[in-house]
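Topology and contacts: notes
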Amino acid sequence: MTRNTYLEVRLPLREDPLLLMARLVRSRLFDQYVVYENGAGWSLAGGVLASVRLSGHEAGDLSQVGARLAEVPAAGWRAYGWVKFELGAVLAGADPDGTEALLHLIVPAEEVRCDATHVLVRSLTAERLDLLVDHVRTGNAEARPVPAGRIALPLEDTGTYRAAVAAALVELRGQGMLEKLILSRRVPIPEDVDLVASYVAGRRANTPARSFLLDLGGIQAAGFSPETVAEVTADGHVTTRPLAGTRARTGTAVDDARLRSDLLGDPKEIHEHAISVKLAMEDLGEVCDDTGVSEYMTVLDRGTVQHLASTVTGRLRPGHGPWDAFAALFPAVTATGIPKAQAYPLIRALEGNPRGLYAGAVLTCDADGTLDAALVLRSVFRMGGQCWLQAGAGVVRQSRPDREHEETCEKLRSVAHHLVPADHTAANAESAAAPGGFTTD
């Protein structure tokens, strides 16, 4: 096997990493890309050295992901990509619904990584490395301001969301095993969205655990993830951070404090959070020892909402790797239901359509075994010529349809208020002036 070596140049960071990532995406150097902010830094992946796509029944065995990535013909690689929500049902033993990819990862030919002080530029060829370095060094001279205009998007449900919650309550109050169900609804966006500008505007206004911007495998999305599905370190330490229980953030300190107090004292929200943490512990216990909970039921601010939050940790048992941890935890308990296996068919029946990337994951995985997977919520999606938002709420026996609907509106505002309309005239001018891009396979 021919081994490739990443050529690298390290530069001082001279601009906001958010604007640097947006500017590089705007440069059209890449046909497909993934931008990922992991809390400690930012990275942009473009071009394809290797890829892994899973669909159908083969997606039910994630051990092959690690095996395929181990064959990547380069040292020090990092894989980037997405996982659709429907993979969860396949992992639980259900027949796959269709033949579309459920997991799509790339190991890029080129990367730009930022920490607090420096930018690391990586490429497999000297020519492309020089081109990327030149783009990074241009700094704010090419920065494009975010337009002031925003898309006005009504968030009130005009469909059947309240009726779906009522139907779920019938199931929850019956004799079955179901304890919790997360139901979501889509909000179509009636015009095209400038995803890059919306990502910049939304990131400035939000307080996410992770953020991402991507165009990969036919899916375009920008998101401000409130929580991680799985964080795995190179030495096998695993963390998941379930958020369950929600109140709005108004921007007024007195009102936010009142809502925070109400959240911490609401029996329904406390119950919803407690059973979510319990299942996260059980999921982690499938592959980990020394499981435990820290920072139990604190409150975290996430954009236009505040959540009850806990941290669940463990250490991988010998013979287990990062993809075992991911398979045990995916999809996040806070986006499915309890038990998960009973939740999948009811979610599909009541929502009517596959979720796709919504409530799935965007992730990175490194050659040393590090894995970081963000839960895909608070996101805007574009696929097949359509743009939409999606948000859900956790339904338990104590739920009320009106309140769950209100919660979806509170979450949707984290993204809906920052949608920038696409300017196709400017985009066409950019495309005509841009240098030749890196064509992916």
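What counts, and at which threshold
Here the residue numbering is sequential within each chain, running from 1 through the sequence in written order. Local features in this predicted model are restricted to residues of pLDDT 70 or higher, and side-chain atom pairs are both shown and tallied only at a pLDDT of 80 or more, whereas totals for entire chains, interfaces and linings draw on every residue. Based on all heavy atoms of the structure, the side-chain values leave hydrogens and waters out of the count. Under the DSSP-based scheme used, a helix requires at least four consecutive residues in state H or I and a strand at least two consecutive residues in state E, with every element numbered from the N terminus. Using C-alpha atoms as the atom set, the radius of gyration is obtained and then compared with a globule rule of 2.2 Å times the number of residues to the power 0.38. Categorising residues by exposure relies on relative accessible area from a 1.4 Å probe, with only protein chains included: less than 20% of the type maximum marks a residue as buried, more than 50% marks it as exposed, and the intermediate range marks it as partly exposed. Method for areas: the Shrake-Rupley scheme with a 1.4 Å probe, in which residue coverage is limited to the protein chains shown. Positive charges are assigned to Lys and Arg, negative charges to Asp and Glu, while His and the chain termini are left out of the count. To locate a charge, the coordinates of NZ of Lys, CZ of Arg, CG of Asp or CD of Glu are taken. Think of it this way: DSSP has to see at least two bridges between two strands before they count as a pair. Contacts: residue pairs with any heavy atoms within 4.5 Å of one another. Convention adopted: a line fitted to C-alpha atoms gives each axis, helices being fitted over their contacting stretch, and angles between N-to-C directions are expressed from 0 to 180 degrees. A carboxyl oxygen of Asp or Glu within 4 Å of a side-chain nitrogen of Lys or Arg is what we treat as a salt bridge. Polar contacts, as used here, are pairs of N or O atoms within 3.5 Å; protein pairs need one atom able to donate a hydrogen and one able to accept it. Residues neighboring in sequence count only if both atoms are side-chain atoms.

Our next topic: the overall build of the protein. The helix and strand tally for the protein stands at twelve helices and 21 strands. Against the compact-globule benchmark of 22 Å for 441 residues, the protein has a radius of gyration of 21 Å, which places it among compact chains. Counting over 441 residues, the protein shows a buried share of 57%. Accessible surface computed for the protein: about 17,500 Å², of which carbon and sulfur atoms make up 51%. The average position of the 44 basic charges and that of the 56 acidic charges among the side chains of the protein differ by 3 Å.

Time to look at the sheet that holds strand β20 (residues 379-383). Across the sheet, eleven strands lie side by side as β1-β8-β7-β3-β2-β10-β11-β20-β21-β9-β17; this open sheet has antiparallel pairing. Each end of this open sheet is capped by a strand with a single partner; those strands are β1 (7-12) and β17 (337-338). Sheet strands in contact with helix α1 (residues 17-26) are β2 (33-37), β3 (42-46), β7 (110-114), β8 (118-123) and β10 (210-216), and its direction is about 10° off that of β3. The strands touched by helix α4 (residues 126-137) are β1, β7 and β8; relative to β8, the strand with the most contacts, the crossing angle is about 155°.

It is worth spelling out the pattern of salt bridges at this point. Taken as a whole and assessed by the stated rule, the structure comprises 34 salt bridges. In this structure, the salt-bridge partner of E269 is K268, at a minimum N-O distance of 3.7 Å. Accessibility classification places E269 together with K268 in one group, the buried group. The salt bridge partner of R403 is E410, with a shortest N-O separation of 3.0 Å. Both residues of the pair, R403 and E410, count as buried.

Burial within α1 is extensive, with eight of its ten residues counted as buried. Within α1 the residues assigned to the buried category are P17, L18, L20, M21, A22, R23, L24 and V25. In this structure D16 caps α1, since a side-chain oxygen of it lies 2.9 Å from the backbone nitrogen of L18. Note on α1: the residue one or two positions beyond its end, R28, has a positive phi of about 60°.

Bringing the pairing of strand β14 (residues 243-248) into the picture now. Sheet faces and side chains relate simply in a regular strand, where the side chains alternate between the two faces. When you tally the buried positions in β14, you get six out of six residues, the bulk of the element. Where β14 and strand β16 (residues 305-316) come together, four bridges link them in antiparallel fashion. Its bridge partner being in β16, L243 is matched across the sheet by A309.

Geometric descriptors of this kind do not, in isolation, establish any biological role.
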